[in-house]
Each structure stands twice: as C-alpha cells, then as structure tokens.
Amino acid sequence: MKKVGLYFGSFNPVHVGHLAIASFMVQNSDLDEIWMVVSPQNPHKKKASLLEDYHRMALMKIALEDDLKIKASDVEFSLPVPSYTSKTLAHLEEDYPDYSFSLIMGEDNIRTFHKWYNYEHILNNYTIYVYPRPLVPDEIEAYQKQDKGQAEVINHPNVSWVKDVPVMHISSSFIRSSIKEGKDVRYLLTSEVFKYIDEMNFYR
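For clarity, every value in this text was computed on a predicted model and none was experimentally measured. (Residues numbered from 1 in each chain as written. Predicted model: local features only at pLDDT ≥ 70, side-chain atom pairs only at ≥ 80, totals over all residues. Heavy atoms only, no water.)

Caption draft 1: Representation of the packing of aromatic side chains in the model. Counted under the stated rule, the structure contains 13 aromatic pairs. Between W35 and F101, the ring centres sit 5.6 Å apart and the planes meet at 65°, which makes this aromatic pair edge-to-face. Taken together, the positions of W35 in strand β2 (residues 33-38) and F101 in strand β4 (residues 99-106) put the pair 66 residues apart, joining distant regions of the chain. By the burial criterion, W35 is buried, and F101 matches it. Between Y96 and Y99 the ring centres are 5.1 Å apart and the planes differ by 35°, which places this aromatic pair in the tilted class. Take Y99: its relative accessible area is 24%, and that puts it in the partly exposed class. One aromatic cluster is present, formed by W35, Y96, Y99 and F101 through successive ring pairs. (Phe/Tyr/Trp six-rings, centres within 6.5 Å; stacked < 30°, edge-to-face > 60°. Helix = DSSP H or I, 4+ residues; strand = E, 2+ residues; numbered from the N terminus. Buried < 20%, exposed > 50% of the residue type's maximum accessible area, 1.4 Å probe, protein only.)

The structure is reproduced here in structure tokens:
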C-alpha cells in the first residue's frame, strides 16, 4: 500500500517553514508521499482571517511546482465545514482503498489532540508523526499541567516523535502582519508564492 502522510493546515499563506517540514518528513520516514491538505475552515479559527480557499490552494500548487512526492490536496473543499480530521480520513479511505494514511502535526497540536472530535478513533487507527515546535511560555506552563487525556495521547504507541526536523520559528500570522506593515517577507516564501501575493495585494 502507498503510505501517505497528511499535513493539514490553513496555509494562509504556505511558507518555507511548512515546505521544509514536509520535505524532511517525506525523505526521512517510511512515507511515500506527503499531501498538503488545505483546510477551508479550521474549527478553532475564524474564517474571516483566511484568504479565499482557491487562492490558498493556488499558492500551495505554486509552492510545490512539480514536486512528485509532496502534493497539494483540496479534499476538504468538498466536505462539510467546519472540517474534522476524522471525517476527512473516512472520506479518503473510501476514495483510496489501496492507500495507507497517516497524520503529520506539530508538538502544539498533539498536546491538544485529546480535545479533537473523535480523537480516540484516529489515535487507535492511524500513525501520527509529530515534529517538535518551539513553545512560548504560556504553552510550556499549560503543558506542564497535562491532564490524563493529554498523557494518553503523548505516550500512545501510534504517536511517533520525529527528531531533527528543521523547524523554523516563523508563522503565517507573522507573515500576514508583516505584509500589512509594509515589511519585506520575500525570504520567508518561495519566489513564486511571494510574486503571487505581491501582485494580488494580499494581506495589505
């Protein structure tokens, strides 16, 4: 079976940090491909802050160009919103019965994973690859007070912690605010993504 890692996100916009993680994962794991799943609406974020779905998908396709192992996916665009990972996984399994799907997420997400919809089903049936992420002081304090559900997830045998992932301390929100302030962000994006955003006057 082809092993596919699903990397979910709003990607608003996709930046070099996202691409570095995806590239590392597909080259340093047993995954055959990474699908960058552009989410139309995260249940924990306000949709008003997002670019239109088709623009974020266009940016992702531009960023990946002709990469054969990392692909853009709009699978959630045809599903009910808000998007729930367990429902997306069920849909993909039905459409791709010969594929084996796993999840890729940052340390911040795995530590709140026990609050996700239907998280126990996901945890017991899928491998979750976790990459480290720099934590801010408030997050560190919260994680030190982890509850039973959090400990269950972090120590579950299906949770695989990946070492040496090149995590960059940048975020899409930082890029958006920087553009709004007139700052130069060209080195945080691929050249073609930067060109598209600049020409379309996004985030200004």
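Caption draft 2: Seen up close, the sheet that holds strand β6 (residues 159-161). Strand order in this open sheet of 6 strands is β3-β2-β1-β4-β5-β6, and the pairing throughout is parallel. Two strands lie at the open edges of the sheet, namely β3 (70-73) and β6, each paired on one side alone. Taken pair by pair, the neighbouring strands of this sheet meet at an average axis angle of 30°, ignoring direction. This element, helix α1 (residues 16-27), spans β1 (2-9), β2, β3, β4 and β5 (128-131) of the sheet and lies at about 150° to β2. Lying over the sheet, helix α2 (residues 53-64) contacts β2 and β3, oriented at roughly 170° with respect to β3. (Pairing = 2+ DSSP bridges. Axes fitted to C-alpha atoms, helices over the stretch in contact; angles between N-to-C directions. Contact = heavy atoms within 4.5 Å.)

Caption draft 3: The arrangement of the nonpolar core in detail. Within the largest apolar cluster, 33 residues are counted, with the highest numbers of intra-cluster contacts made by Y7, V14, M25, I34, M36, I104 and I197. Among the elements that make up this core, the one with the highest residue count is α1 (6 residues). Residues in contact with Y7, not counting those within four places in the same chain, are H18, I21, A22, I34, W35, M36, V37, I104 and Y131. (Core = buried A, V, L, I, M, F, W, Y, C linked by side-chain atoms within 4.5 Å.)

Caption draft 4: Broad picture of the pairing of β2. With respect to burial, β2 is a largely interior element, 6 of its 6 residues being buried. Burial along β2 is two-sided: E33, W35 and V37 and I34, M36 and V38, pointing in opposite directions, are all buried. Where β1 meets β2, 6 bridges bridge the pair, whose relative direction is parallel. Bridging from a neighbouring strand, G5 pairs with I34 of β2. Pairing analysis gives 4 bridges linking β2 to β3, with the strands arranged parallel. From the neighbouring strand, W35 faces β3, where its bridge partner is K71.

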